[in-house]
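Single-letter residue listing:
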Amino acid sequence: MKFTKMQGLGNDYVYVNCFEETVEHPEETARFVSSRNFGIGSDGLILIKPSEKADCQMDMYNLDGSQGTMCGNGIRCVGKYVYDHGIVDKTEIDVETLAGIRHLSLHVRDGKVETVTVDMGRPEQTSEIGEAITVLGKEYAFTGVSMGNPHAVVFMDGVKEMDLKEIGPAFESHERFPGRTNTEFVQVVDEGHVIMRVWERGSGETLACGTGACAVAVACALNGKTGSQVDVELLGGVLNIRWDRENDRVYMTGPAVEVYHGEIGLKENNV
Ligand SMILES: N[C@H](CCC[C@H](N)C(=O)O)C(=O)O
């Protein structure tokens, strides 16, 4: 199977061009390629497929093989891939996802996409603001926001020093979230800048989460902690998020990088 390794702020996936390749068992393939020791090493697998409704389709799988409905860092890399590899010849494109169609504006330099602005659609508030929840015997306040996938946003201090290995999975699989959740731990620096760590549903801690950064920007505004444009500082870098309150849509701008191409034998590895 030919693949391309790409990353958005260190949130890295194995991408397969399914205009040319077919992946029979995507969940199993995602678990295999994501393994650093037995496969390639990534946060998951993203299939770039033809679409009847858009310029292409993004089909995304987390490290554990669970299928995601939307991926912000991933969709920027999908936009870069289809432009740089000649699948599209325009810089305003639409990508079909399980969360709906998303519009991308591709910013090109020297013939290659460098950054992408994504219309991430309408946010949906999925809890009370600051809803109480008990996790590992301790009470927290969270704000639930969906960007087509579920996020629980928790405001706290000392975010950079946190160890997410226990608290992350405990939130992810908490009974309050029947389909599991992505969880963002956020420290507000000022009304235009926040620091965020993320424990992703199905992938664990990642260096960045695009949908998560959008959910965080919305939760910050809902809680009156920032304006509606926020620089979200992640371990992997900064995403600029703008929640347009006029049309109630969230816009994310960030980089997309192609790291390398490769080929991997699935049958030889019993996948
Ligand atoms: N783990 C997420 C999907 C990937 C989201 C993240 N990598 C992003 O950039 O938005 C979920 O299961 O909803």
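Residues numbered from 1 in each chain as written. Predicted model: local features only at pLDDT ≥ 70, side-chain atom pairs only at ≥ 80, totals over all residues. Heavy atoms only, no water.

Student: Can you tell me about the domain arrangement of the chain, naming the residues and giving the values?
Tutor: One widely used convention gives an interface's size as the accessible area the parts lose upon coming together. One can read the domain layout of the chain as domain 1 (2-119 + 255-263) and domain 2 (124-247). Relative to domain 2, the C-alpha centre of domain 1 lies at a distance of 23 Å. Taken together, the contact between domain 1 and domain 2 spans 18 residues of the former and 19 residues of the latter. When domain 1 packs against domain 2, the two sides together hide about 1200 Å² of surface, and 45% of this comes from carbon and sulfur. Sorting the residues of domain 1 by area buried against domain 2 places L9, N62 and M70 first, and these three jointly supply 36% of that buried surface. There are one salt bridge connecting domain 1 and domain 2. Between R180 and D64 there is a salt bridge, and its shortest N-O distance comes to 3.0 Å. Across the domain 1-domain 2 interface, the total number found is eleven residue pairs in polar contact (both at pLDDT 80 or more). (Domains from an automatic or database assignment. Contact = heavy atoms within 4.5 Å. Buried area = accessible area lost by both parts, 1.4 Å probe. Salt bridge = Lys/Arg side-chain N within 4 Å of Asp/Glu carboxyl O. Polar contact = N/O pair within 3.5 Å; in protein donor to acceptor, adjacent residues only side chain to side chain.)

Student: Quick rundown of the packing of aromatic side chains? Include the residues and the values.
Tutor: All told, the structure shown has five aromatic pairs when counted by the stated rule. Ring geometry for Y13 and Y15: centres 6.4 Å apart, planes at 85°, overall edge-to-face. For Y13, a relative accessible area of 0% translates into the label buried. Taking relative accessible area as the criterion, Y15 reaches 1% and is therefore assigned buried. Both rings, one in F142 and one in F177, keep their centres 5.4 Å apart while their planes meet at 75°; by these two values the pair is edge-to-face. (Phe/Tyr/Trp six-rings, centres within 6.5 Å; stacked < 30°, edge-to-face > 60°. Buried < 20%, exposed > 50% of the residue type's maximum accessible area, 1.4 Å probe, protein only.)

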